[in-house]
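Close look at the chain arrangement
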Amino acid sequence: MAKDILYTCSFCNKPFKLEIRFLRHRCKEMEREENFKSITGQSAWGHYKYWMKHKFKNVPRDSNTFKKSKFFSSFYKFSIFSQQAHLPDIKLYIKLMVTHKIDPVFWTKDAAYRKYLDYITYKLPPRELMKISIKTLFDEAIKANVHISDVFEILTPNEVIQLLYQRRLSPWLLLHSKKFTEFYKTKTSTEEQINIQALINPELWGKKFKQFPKDAKIVKKYINELGI
Ligand SMILES: [Zn+2]
């Protein structure tokens, strides 16, 4: 019988007598390998290594253990999630999950994401928020092929709401920007204004500006230079 076996799947070791069957064969081991080699899979491996280093002070070198572990699918899902949510700082996300003792399988849940969003709103230093916001505005301007000073001409209210929700734009910058104020007054509907207000919380930010007067000065300087 063994003589008839001409083909063997290199992933699951299943033997085949007929080439046509062998070529049509798919298995979960093969899919895992394909997923691992994809861009999403490679980022998952990078996130896993960062997590291992941060949590256990241990950098894994061999990806085989990872691929066969329960962590592969958790990190693969997290990799997709981080792309969809456009996480401005993935390492910060992973560190927060470790601090809050949240297992990787739960990282894509709303409760975990909420911890990250709140951290950015309440704990991230003003300079970091400015950096993220300026990068976002540059990215959007480049994508639309406009000068950064015209970025509020091409952004729609829904896009601004989305960017605020994802914490890629901070009130720290927006509330000082004349062009954003103009955008808010002339380009948004009442409903959109309610949504923006809910995300911005001007009271909280008014307090923050008073708390960090030096940074408020810096942000104004940046805004002048960018022409926003
Ligand atoms: Zn197979």
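About the cut-offs
- Residues numbered from 1 in each chain as written.
- Predicted model: local features only at pLDDT ≥ 70, side-chain atom pairs only at ≥ 80, totals over all residues.
- Helix = DSSP H or I, 4+ residues; strand = E, 2+ residues; numbered from the N terminus.
- Rg over C-alpha atoms; globule rule 2.2 N^0.38 Å.
- Domains from an automatic or database assignment.
- Buried ≥ 20, exposed ≤ 12 C-beta atoms within 10 Å, placed from the backbone.
- Expected span 1.5 Å × (residues − 1).
- Arc of directions from axis to C-beta.
- Core = buried A, V, L, I, M, F, W, Y, C linked by C-beta atoms within 7 Å.
- Axes fitted to C-alpha atoms, helices over the stretch in contact; angles between N-to-C directions.
- Parallel < 35°, antiparallel > 145°, perpendicular 65-115°, else oblique.
- Left-handed = near helix turned anticlockwise from the far one by under 90°.
- Contact = placed C-beta atoms within 7 Å.
- Nonpolar A, V, L, I, M, F, W, Y, C, P; charged D, E, K, R; others polar.

1. Comments concerning the overall build of the protein chain
Within the protein chain, the regular secondary structure consists of 15 helices and two strands. Compactness check: the protein chain gives a C-alpha radius of gyration of 24 Å against a globular reference of 17 Å for 228 residues, more than 25% above the reference. If you line up the protein chain on its principal axes, its C-alpha atoms span 80 × 40 × 30 Å.

2. As for the domain arrangement of the protein chain
As far as domains go, the protein chain holds domain 1 (1-27), domain 2 (38-122) and domain 3 (126-226). When each unit is reduced to the centre of its C-alpha atoms, the spacing between domain 1 and domain 3 is 58 Å.

3. Describing unusual backbone geometry
Located in the positive-phi region is Lys57, a residue other than glycine, with phi close to 55 degrees. Among the structural elements, Lys57 can be located in the loop between α3 (39-56) and α4 (63-68). Residue Lys57 is classed as exposed on the basis of its 7 C-beta neighbours within 10 Å. Phi at Asn145 takes a positive value of approximately 60 degrees, unusual for a residue other than glycine. By the element assignment, Asn145 lies in the loop between α8 (126-144) and α9 (151-154).

4. Let's talk about α8
In this model α8 runs 27 Å from its N-terminal to its C-terminal C-alpha over 19 residues, within 8% of the 27 Å that 1.5 Å per residue would give. Burial in α8 covers these residues: Leu129, Ile132, Ser133, Thr136, Leu137, Glu140 and Ala141. Down the axis, α8 shows its buried residues gathered within 165 degrees of arc, on one side only. With respect to the buried face of α8, the exposed residues turned more than 90 degrees away are Lys135 and Ile142.

5. Remarks on the nonpolar core
Val151, Phe152, Leu169, Leu173 and Phe180 are the most contacted members of the largest nonpolar core, which has 18 residues in total. With four residues, α8 is the single largest residue contributor to this core.

6. Description of the environment of Ala144
The residue Ala144 is located in helix α8 in this model. Along the backbone, Ala144 and Leu155 are 11 residues apart, and their C-alpha atoms lie at a distance of 9.2 Å.

7. Examining the packing of α8 against helix α15 (residues 213-226)
Contact geometry of α8 with α15 gives a least axis separation of 10 Å together with a crossing angle of 15 degrees. Between α8 and α15, the angle falls in the class roughly parallel. As α8 packs across α15, the resulting crossing turns out to be right-handed. Contacts between α8 and α15 involve Pro126, Arg127, Met130 and Ile134 from the former and Asp215, Val219 and Tyr222 from the latter. Tallied by class, the residues present in the contact of α8 with α15 amount to five nonpolar, no polar and two charged.

8. Overview of the packing of α3 against helix α5 (residues 71-84)
Running from amino to carboxyl end, α3 crosses α5 at an angle of 110 degrees, the nearest separation of the two axes being 8 Å. Comparing the axis directions of α3 and α5 gives the class roughly perpendicular. For the crossing formed where α3 meets α5, the hand is right-handed. In this structure, α3 uses Thr40, Gly41, Ser43, Ala44, His47 and Tyr48 to contact α5, whose residues at the interface are Phe71, Phe75, Tyr76, Phe78, Ser79 and Ile80.

9. Considering the environment of Ile228
Checked against the element boundaries, Ile228 lands in the segment after α15. If we skip the residues at most four places from it in the chain, Ile228 touches Ile148, Ser149, Val151, Ser177, Lys179 and Ile223.

10. Describing the environment of Cys27
Of note, Cys27 is situated in the loop between α1 (19-24) and α2 (28-37). Along the primary structure Cys27 and Lys207 are separated by 180 residues, whereas in three dimensions their C-alpha atoms are 58 Å apart.

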